[in-house]
Amino acid sequence: MPKARLSFNRRAAASLASAPHARKLPAMLRLTQILGNATDPDIAERLHALEHDGRVESITLDAADTARKRLRVATDKGTDCAIALARSESLANGAVLLLEEDRAVVVRMRETVWLALSPRDLAAALDLGYFCGNLHWRVRFEGSVLKVALDGPRESYMARLAQHLADGRARLVDEREGG
Amino acid sequence: MAESAEALVAAAPSAARVGIGGPVGSGKTALIEGLLPLFAARGTSLAIVTNDLVTQEDAERLQRSGLIPPERVVGVEAGACPHTVIREDPTLNIEAADLLEEQLRPLDLILIESGGDNLASTFSLDLVDYWMFVIDVSGGGDIPRKRGPGIVRADLLIVNKSDLAPHVGVDLPLMRKEAEGVRAGRPVLVTNCRTGEGLDRVADHLAHDVLMES
């Protein structure tokens, strides 16, 4: 190993002594398994009982974030959670990550907001499809309507679509639908 | 019995997968070289997947570095636009990460370095749990204002080569402020990967956000 590297290693190791991670932080709750879904009959019954006592905490995630296997998030009651799952597991709306006698933690997925666009004609449809693909937007097709998932601020999408909307190649049909 | 052991392994939390993207020459490989000794000091078991267009250049650089055993580095030749293999179809990278995890278990962290790309580059969350985007001051102080998806959406934005700011006419505090302004509260860190400045904070973020160390 080159000397320069060893020297750098020592400096780096020395800097760790004063690193912020060394400070004492509030206890976190490790969640490493999906125990089931809130709609499973047995689980639903237990959650129902806990909800009466306000003992069910929820973690609200954007749909895109449910693909992550590791997440550091807080529940609605402020509990610091460290989610670390096997790659074979997938977070979903209603996923139950903790179910104890006196507490449960459940994932709630935010609804995806979609921009629904109707192209003027076949040529405009081809143009719009190419345009959205070129911007790597997440889309779905519903008949003659192209829906674009808003994975960022709505105004960013509207700014990109301004020319299509202004010259009539596309028309905004509907803005919100659960996805 | 063997099946039971396999089942236990399959159900155990997987190694954290962290993507590193950013323009050509911004310091992605240098960032990894700077992080390796920090994670070694923390006892983090780590492996790396690099992406290059048609070579193994970055993988070979890291394998020769002496900072990590060579068998812990795998190179993927994208053969196409770098973002294709980290976003549209990350299969090659997923397979590479799966292979490393299987061969080197137990692993804590797999760093997946994208080939150099443009500001629109983003990672699929099917591939990584968390991703960083590296820009540098010599690319221009106006880069954050251009609001590329890489800059806006990355979990952690790194502004590298801080030492060059006065030499390329960049107001670094302003560049950082503008970067923070387009990121809706997501963190921005300034580094100099050649000297190691700021890298302990990068390691702290990964330790907190994906390694769940405290």
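Residues numbered from 1 in each chain as written. Chains lettered and ligands numbered in written order. Predicted model: local features only at pLDDT ≥ 70, side-chain atom pairs only at ≥ 80, totals over all residues. Heavy atoms only, no water.

Caption draft 1: Here's a closer look at the packing of helix α2 (residues 28-42) of chain B against helix α7 (residues 199-209) of chain B. Residue and element names in this part refer to chain B. At a minimum axis distance of 10 Å, the contact between α2 and α7 shows a crossing angle of 65°. As α2 packs across α7, the resulting crossing turns out to be right-handed. Contact residues: Leu31, Gly34, Leu35, Leu38, Phe39 and Arg42 in α2; Leu199, Asp200, Val202, Ala203, Asp204, Leu206 and Ala207 in α7. Of the residues assigned to the contact of α2 with α7, the class counts are 9 nonpolar, 1 polar and 3 charged. (Axes fitted to C-alpha atoms, helices over the stretch in contact; angles between N-to-C directions. Helix = DSSP H or I, 4+ residues; strand = E, 2+ residues; numbered from the N terminus. Left-handed = near helix turned anticlockwise from the far one by under 90°. Contact = heavy atoms within 4.5 Å. Nonpolar A, V, L, I, M, F, W, Y, C, P; charged D, E, K, R; others polar.)

Caption draft 2: Layout of the side chain of asparagine 37 of chain A. Residue and element names in this part refer to chain A. Structurally, asparagine 37 can be placed in strand β2 (residues 36-37). On the accessibility criterion, asparagine 37 (19% relative accessible area) is buried. Separated by 3.0 Å, the side chain of asparagine 37 and the backbone oxygen of asparagine 93 make a polar contact. Setting aside residues no more than four positions away along its own chain, asparagine 37 makes contact with Ile43, Asn93, Gly94, Ala95 and Val96. (Buried < 20%, exposed > 50% of the residue type's maximum accessible area, 1.4 Å probe, protein only. Polar contact = N/O pair within 3.5 Å; in protein donor to acceptor, adjacent residues only side chain to side chain.)

Caption draft 3: Looking closely at the nonpolar core. All names here are of chain B. Counting residues in each nonpolar core, the largest one holds 34 residues, and the members touching the most others are Ile110, Ile112, Phe133, Ile135, Ile151 and Val159. Looking at this core, the elements that each hand over two or more residues are β2 (46-52), α4 (91-104), β4 (109-113), β5 (130-136), β6 (156-160), α6 (172-181) and β7 (188-190). Here this core gets 4 residues from one element, more than from any other, and that element is α4. Not counting residues within four places of it along the chain, the set of residues in contact with isoleucine 151 comprises Leu119, Phe133, Ile135, Ile143, Pro144, Leu157, Val182 and Arg183. In terms of nonpolar packing, the next biggest core, distinct from the first, is built from 32 residues, Leu35, Ile48, Val73 and Leu211 among them. (Core = buried A, V, L, I, M, F, W, Y, C linked by side-chain atoms within 4.5 Å.)

Caption draft 4: Quick peek at the environment of cysteine 132 of chain A. Residue and element names in this part refer to chain A. Inspection of the secondary structure assignment puts cysteine 132 in helix α3 (residues 122-134). Among the residues examined, cysteine 132 registers a relative accessible area of 2% and is labelled buried. The spacing of cysteine 132 and leucine 146 is 14 residues in sequence and 9.5 Å in space, taken between C-alpha atoms. Dropping the residues within four chain positions of it, cysteine 132 is found in contact with Trp137, Val139, Leu146 and Val148.

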